[in-house]
There are 2 protein chains.
Amino acid sequence: MSLIVVGSMAFDDIETPFGKSDKIVGGAATYIAWCASNFTPIKQISVVGGDFPAEELNVLSARGVSLEGVQIKKDEKSFYWSGRYHLDMNSRDTLVTELNVLGTFQPVVPDSYQDCEFLMLGNLAPSVQLSVIEQLKNKPKLIAMDTMNFWMDIALDDLKKVLAKVDVLLVNDSEARQLSGEYSLVKAAAEIAKMGPKYLIIKKGEHGALLFHDKEVFFAPALPLEEVFDPTGAGDTFAGGFVGHLAKTKDISFGNMKTAIIVGSAMASFCVEKFGTQRLREITKADIDERMQQFVQLVNFDISLV
Amino acid sequence: MSLIVVGSMAFDDIETPFGKSDKIVGGAATYIAWCASNFTPIKQISVVGGDFPAEELNVLSARGVSLEGVQIKKDEKSFYWSGRYHLDMNSRDTLVTELNVLGTFQPVVPDSYQDCEFLMLGNLAPSVQLSVIEQLKNKPKLIAMDTMNFWMDIALDDLKKVLAKVDVLLVNDSEARQLSGEYSLVKAAAEIAKMGPKYLIIKKGEHGALLFHDKEVFFAPALPLEEVFDPTGAGDTFAGGFVGHLAKTKDISFGNMKTAIIVGSAMASFCVEKFGTQRLREITKADIDERMQQFVQLVNFDISLV
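These lines cover the structure that appears in this document, whether it is placed above or below. Every value quoted in this text rests on a predicted model; they were computed, and no experiment measured them. (Residues numbered from 1 in each chain as written. Chains lettered and ligands numbered in written order. Predicted model: local features only at pLDDT ≥ 70, side-chain atom pairs only at ≥ 80, totals over all residues.)

1. Some remarks on the overall build of chain A
The number of helices and strands found in chain A is 11 helices and 13 strands. Taken over the C-alpha trace, chain A has a radius of gyration of 18 Å; the compact-globule value for 306 residues is 19 Å, and the two agree within 12%. The dimensions of chain A, computed from C-alpha atoms along their principal axes, are 65 × 45 × 35 Å. Counting across all 306 residues of chain A, residues that qualify as buried make up 49%. In chain A, of all internal contacts separated by at least 6 residues, the share reaching a separation of at least 24 is 68%. (Helix = DSSP H or I, 4+ residues; strand = E, 2+ residues; numbered from the N terminus. Rg over C-alpha atoms; globule rule 2.2 N^0.38 Å. Buried ≥ 20, exposed ≤ 12 C-beta atoms within 10 Å, placed from the backbone. Contact = placed C-beta atoms within 7 Å.)

2. Observations concerning the sheet that holds strand E9 (residues 142–146) of chain B
All names here are of chain B. Reading across the sheet, the 9 strands line up as E5-E4-E1-E8-E9-E10-E11-E12-E13 and stay open at both edges, with mixed pairing between neighbours. With one partner strand each, in any of the chains shown, strand E5 (65–73) and strand E13 (216–220) form the two edges of the open sheet. Between one strand axis and the next, the sheet turns by 15° as a mean value, whatever way the strands run. Relative to E13, strand E12 (residues 209–213) runs antiparallel, the two sharing 5 bridges. (Pairing = 2+ DSSP bridges. Axes fitted to C-alpha atoms, helices over the stretch in contact; angles between N-to-C directions.)

3. Observations concerning the nonpolar core
The nonpolar side chains of a soluble globular protein tend to be buried with one another. Judged by nonpolar contacts, the single largest core of 199 residues is most densely connected at Val5, Met120 and Ala144 of chain A together with Val5, Met120 and Ala144 of chain B. Sequence-distant contacts of Met120 of chain A, defined by excluding residues within four places in its chain, comprise Leu3, Ile4, Val5, Ile32, Ala144, Ala239 and Val243 of chain A. (Core = buried A, V, L, I, M, F, W, Y, C linked by C-beta atoms within 7 Å.)

4. Some remarks on the interface of chain A and chain B
Quoted interface sizes are often the accessible area lost when the parts come together. Facing the 31 residues of chain A at the interface are 31 residues of chain B. Listed by contribution, the elements that provide at least two residues to the side of chain A that touches chain B are helix H7 (185–194), strand E13 (216–220), helix H9 (254–271) and helix H11 (285–299) of chain A. It is H9 of chain A that provides the largest number of residues to the side of chain A that touches chain B, a total of 6 residues.

5. Overview of the environment of Val59 of chain A
When you line up the elements, Val59 of chain A lands in helix H2 (residues 54–62). A sequence separation of 25 residues divides Val59 of chain A from Trp34 of chain A, and the C-alpha atoms of the two residues are 9.8 Å apart.

6. Some words on unusual backbone geometry
Residues and elements named next belong to chain A. A positive phi is found at Lys250, a non-glycine position, where the angle reads about 55°. Among the structural elements, Lys250 can be located in the loop between helix H8 (234–249) and H9. When the 13 C-beta atoms within 10 Å are taken as the criterion, Lys250 is described as partly exposed.

7. Section: the sheet that holds strand E1 (residues 3–6) of chain A
Two orientations exist for strands paired in a sheet by backbone hydrogen bonds: parallel and antiparallel. Residues and elements named next belong to chain A. A sheet is described by the order of its strands in space; here 9 strands give the open sequence E5-E4-E1-E8-E9-E10-E11-E12-E13, paired in mixed fashion. Edge positions in the sheet fall to strand E5 (65–73) and E13, since each has one partner strand and no second. Here the average twist between neighbouring strands, direction ignored, is 15°. Its contacts with the sheet place helix H6 (residues 173–180) against strand E10 (168–172) and strand E11 (199–203), and it is angled at close to 110° to E10.

8. Details of helix H3 (residues 126–135) of chain A
All names here are of chain A. For H3, the complete set of buried residues consists of Pro126, Val128, Gln129 and Val132. For H3, the angular spread of the buried residues around the axis is 165°, confining them to a single face. Elements in contact with the buried residues of H3: E1, strand E4 (42–49), strand E8 (118–121), strand E9 (142–146), helix H4 (149–154) and helix H5 (156–163). (Arc of directions from axis to C-beta.)

9. A look at the packing of H3 of chain A against H5 of chain A
To characterise two packed helices, one gives the angle between the axes of the helices and the distance between these axes. Residues and elements named next belong to chain A. Relative orientation of the contacting elements H3 and H5 amounts to 30°, with a least axis distance of 8 Å. Overall, the two elements H3 and H5 adopt an arrangement that is roughly parallel. Crossing of H3 against H5: the hand is left-handed. The residues of H5 that touch H3, namely those facing Pro126, Ser127, Gln129 and Leu130, are Asp158, Leu159, Lys161 and Val162. Residue composition of the contact of H3 with H5, by class: 4 nonpolar, 2 polar and 2 charged. (Parallel < 35°, antiparallel > 145°, perpendicular 65-115°, else oblique. Left-handed = near helix turned anticlockwise from the far one by under 90°. Nonpolar A, V, L, I, M, F, W, Y, C, P; charged D, E, K, R; others polar.)

10. With respect to the relation of the copies chain A and chain B
Note on the identical chains: chain A maps onto chain B by a rotation of 180° and an axial translation of 0.0 Å, with an RMSD of 0.0 Å. With respect to symmetry, the two chain copies, as superposed, fit the operation of a two-fold axis. Interface residue correspondence from chain A to chain B reaches 100%, placing this contact among same-surface, isologous pairings. (Least-squares fit on C-alpha atoms with pLDDT ≥ 70 in both.)

11. Quick word on the packing of helix H1 (residues 28–36) of chain B against helix H8 (residues 234–249) of chain B
Residue and element names in this part refer to chain B. For the pair H1 and H8, interaxial distance at closest approach is 8 Å and the crossing angle is 45°. On the basis of their axis angle, the class for H1 and H8 is oblique. You can see that H1 and H8 cross each other, and the crossing is right-handed. Along the contact surface, H1 presents Ala28, Tyr31, Ile32, Cys35 and Ala36, while H8 presents Asp236, Thr237, Ala239, Gly240, Gly241, Val243 and Gly244.

12. Some thoughts on the pairing of E9 of chain B
Residue and element names in this part refer to chain B. Of all 5 residues in E9, 5 are buried; the element is thus mostly enclosed. Of the two faces of E9, the one carrying Leu142, Ala144 and Asp146 and the one carrying Ile143 and Met145 are both buried. With helix H3 (residues 126–135) bridging strand E8 (residues 118–121) and its parallel neighbour E9, the resulting β-α-β unit is right-handed. Alignment of E9 against strand E10 (residues 168–172), held across 3 bridges, turns out to be parallel. Considered in E10, the bridge of Met145 is made with Leu169. (Right-handed = clockwise from strand over helix to strand, strands pointing away.)

13. Remarks on the pairing of strand E11 (residues 199–203) of chain B
All names here are of chain B. In terms of burial, E11 is largely enclosed, as 5 of its 5 residues are buried. Burial along E11 is two-sided: Tyr199, Ile201 and Lys203 and Leu200 and Ile202, pointing in opposite directions, are all buried. Sheet analysis places E10 next to E11, joined by 5 bridges and oriented parallel. Its bridge partner being in E11, Val168 is matched across the sheet by Tyr199. Bridge count for E11 against E12 is 4 bridges, and the pairing is antiparallel. By the bridge assignment for E12, Ile202 is matched with Leu210. The antiparallel pairing of E11 with E12 creates a hairpin that spans 5 residues between the two strands, and Gly205 there sits at a positive phi of about 60°.

See the structure below:
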């Protein structure tokens, strides 16, 4: 069973209170692939320029990430983003955004991807996300979608077309409020459900994540860490852990989605420990298992003591 | 087994985006008593003026709250606070603070309170909290203490004397950062442990609460609600549920403290549903049991699915 991942593969230049990364590999689909490939084979759809390191593509390929759907535009440059985090690590300033190859990206779904049952649409122009959905001959078992306030501001009509076709939407709390027009997250979830997604995941960074479905709600905390070194890609890594676990288990019940969100939270807790994708490159299955046990300790309580 | 509760009993005048309360009964020790009396008998220590309603004292007494330690100053006025919440309900402006009887409060611990094994010091001048501890002939099994940034600003030396004598400190996240000088809550917890409290509870309002002890950490979410009607007293109610459960079970293990924090979170989720103590006056044991089950659903996941 494999998972199609759509999104940017890019260069980032990150400054945090702990230091500067210089130009490193980033992009939503890169983080998702590094994370989800721990759980399931990946079929990647993206676009890079001739400047993107072949070595990066080789190591991803060796991890089980198919790159047939990754377009390489030899004479163009990869998407580039530069940002500086504030002291609280919850807010950041974008210093530079160069769309480059991403500005004209027209995704093509290879024939070999057609049998995939899971689709993860990373944060990208809604028109690109929609194009991938429309190229699939069979509706996937589950479509999950990440997006952001930027697309709500400039491409709301396109965004609503994608929303009507997806099962799970991932946004942060302020984006859920913007999209729904409701301040209460419970009310926001009810409004967003009317737009299409039967499942809504609201990411709250250091404050954890909420999963809403019908009248049900589940909460996953973030692991309290001594230091958050670099939050870049934490949301993408969270999404990768969530959808990677679902694709591995082929179980899209609400009960398994709870476990999947904890997997996402555990993977995101690794991501922020070092710059960029560095920590995701190092961790083993044993590391992941141990961290999952930390989450059990973090939230489990004994109701029989009441 | 009973529990000594120390704190203000007062009048509040609250304005939220949903309306105005007019002058109603409030105060930290009032909320704690209304909440904790669901679990254990209470020995109350406080001070009120001649204007405080006898009816309120009567209903508390009927719930098992001993008032022998509550001083009634017939010719003076009760503590009065008036505040207005902002639209997000997370911040508020204080409009009026009249200390009245609280300004000269000298607590006296009645002999009949001396056998209590649990002590809850509600948010109050540290010198008053210290006086109660020093009047007790035997050290209680557990002393829990609430405080706030105001006392860190104007009475830090006194506050540190109390901290050295308590087992559990309850503060919010910004107060934990102020007291410790550390931004990371994990590092803040380690610093505060050096000041005395072996257990630290960091309250994060709608984002839940963290319990730290040695290298262990536990997280309790807040219940996602359609509306938060009035947050006044939610922190006191949380403390009352926490210490009330511990006093009822007489078990101060870390495992039982986890359950106690969920009890506190469940009780706080009732408190915010109506103005003042109104909702706490209505709820039954069945309501509390049902809400505890909601917390099980909210956080429990199946690790065997990984």
